[in-house]
Amino acid sequence: MTKRSRTLVASFAAFSLVLAACGGDDDAAEEPAAEAPAEAPAEEPAEEPAEAPAEEPAEEPAEAPAEEPAEEPAEEPAAMPGEGVSITMAKADWSTEDPNAYVIRAVLQELGYDVSDPKDVELGPANAYIAMAQGDADFWINSWYPGHNSWLANELPDGSLVGDHVSAIGEMMMAGGLQGYLITKSFAEEYGITSLDDFNTNADAIAAYDAQDPVPGNGIADIYGCQESWTCDDIIQSQVAFSGWENIQQTIAGYDAQFAEAATKADAGEPAIIYTWTPSAYITQMRPGDNVLWLSVEDVIDDSNPTGAEGGEAHDQRPGTASIGADKCPGSVDGVCTLGWVAADIQATANNDFLAANPAVAAVLEAFQMDVIDVSLMNVDMGDGADVEELAAQWIEDNRDLVDSWIAEAMAAA
């Protein structure tokens with residue numbers, strides 16, 4: 001409140017009124033032999049009135065004290081929308097999106113929510129979507145669409161579908177999940193292999209590969225595939241059936257162990273083929289154009305569901321292409337490599353009732369985005385032993401203005 005003061009100054013001029021009286025003596029006429037009459041006393045001049053005292057100026061009033069501003073009440077901090085609200089957050093049983101998970105958790109904590117540690121509810125997609133549909137988990141940020149659409153078709157005990165209870169929300173990393181098959185570069189160049197179709201029909205390459213693969217000597221090239229229930233394992237099975245690859249099958253096992261084995265072989269120039277994806281630190285160990293190359297796939301799987309798997313229609317990967325040059329994908333045509341996989345949209349998925357009850361959370365998830373390169377570099381740091389929560393806190397500090405805009409949207413929606 002602006003301090004205001006009032007000062008009243010009164011000034012008065014003093015005036016003196018001087019009144020002067022006029023008068024003089026009369027001379028008597030001289031008479032002969034006559035006695036002059038007694039001289040009349042001189043007329044006393046009229047007494048001048050005493051000079052009026054100068055009028056004293058009115059006494060100036062004392063300056064009014066400055067008006068004290070009314071004391072403003074202390075401003076109450078805005079109530080956070082998450083006060084008193086607990087959130088159960090799930091996380092995928094792979095680690096490449098852990099940076100995203102801990103960033104969004106920290107943002108929601110700034111809004112006052114009590115958010116569980118994501119690693120406390122670590123699930124594969126098969127169980128995660130059911131948990132979210134049944135309300136055992138509120139959300140996760142690990143959906144890979146369209147591949148994960150197949151899980152939405154699962155039926156719950158009450159006869160409803162998982163997709164009736166959950167929704168994808170936001171655009172965290174659209175087309176961020178680049179996927180495909182890597183092959184040891186020296187092996188591919190030795191046998192002239194540019195696609196998995198070339199490999200399937202090249203008897204010499206199959207024999208050389210089979211001698212050192214996970215199941216050596218069975219006459220089949222056992223390529224390193226996915227971990228069970230990750231969805232990519234089902235899609236690879238569908239792709240093998242769809243393409244008619246009779247001499248290729250995937251090994252389904254723990255992914256990190258498979259990757260470590262394949263990376264060691266690639267560095268040594270030994271034959272290895274493995275499915276992988278970005279964002280991840282994997283691509284910094286098996287490096288397209290350096291120790292490995294991307295393989296192309298001639299026919300990208302459609303929605304025909306060749307294995308008859310439940311929800312298999314959602315394994316459709318068309319168009320299955322990416323902009324990769326021939327130096328990294330020898331099968332590229334005009335800079336377009338047919339990887340056989342669509343670049344997945346990595347998004348959050350949440351329970352519908354949870355979203356309706358928590359509009360501030362919905363607003364944050366709707367706005368939440370992270371850059372694929374940032375997340376990949378954070379994965380490299382994690383591989384070097386960095387703590388993911390510290391990495392998330394640093395990312396938030398480096399992107400404070402962006403995070404503040406998400407918080408503002410959440411506050412407006414609350």
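Residues numbered from 1 in each chain as written. Predicted model: local features only at pLDDT ≥ 70, side-chain atom pairs only at ≥ 80, totals over all residues. Heavy atoms only, no water.

> Provide a residue-level description of the nonpolar core, including the pertinent values.
Counting 104 residues, the largest nonpolar core has L108, F139, Y181 and F199 as its most contacted members. For F139, the residues in contact, after removing those within four places along its chain, are I87, T88, M89, A90, I104, L108, M132, T349, A350, F354 and L365. (Core = buried A, V, L, I, M, F, W, Y, C linked by side-chain atoms within 4.5 Å. Buried < 20%, exposed > 50% of the residue type's maximum accessible area, 1.4 Å probe, protein only. Contact = heavy atoms within 4.5 Å.)

> Report on the packing of helix α1 (residues 98-110) against helix α9 (residues 359-367), specifying residues and quantitative values.
With their axes 11 Å apart at the nearest point, α1 and α9 run at an angle of 145° to one another. Crossing handedness for the pair α1 and α9: right-handed. When α1 is examined against α9, the residues I104, V107 and L108 are found in contact with a partner set consisting of V361, V364 and L365. (Axes fitted to C-alpha atoms, helices over the stretch in contact; angles between N-to-C directions. Helix = DSSP H or I, 4+ residues; strand = E, 2+ residues; numbered from the N terminus. Left-handed = near helix turned anticlockwise from the far one by under 90°.)

> Please give an account of the state of the cysteines that cites residues and values.
Tallied over the full model, the rule gives two disulfides. The partner cysteine of C226 in its disulfide is C232, sulfur to sulfur 1.9 Å. With the S-S bond torsion at -105°, the cross-link from C226 to C232 turns out left-handed. The pair formed by C226 and C232 is uniform in burial state, with each residue classed as buried. Note on cysteine connectivity: C329 is disulfide-linked to C337, with sulfurs 2.1 Å apart. Because the sign of the S-S torsion sets the handedness, a value of about 65° for the bond joining C329 and C337 places this disulfide among the right-handed ones. (Disulfide = S-S within 2.5 Å.)

The quantities given are spatial measurements derived from coordinates; they are silent on function.
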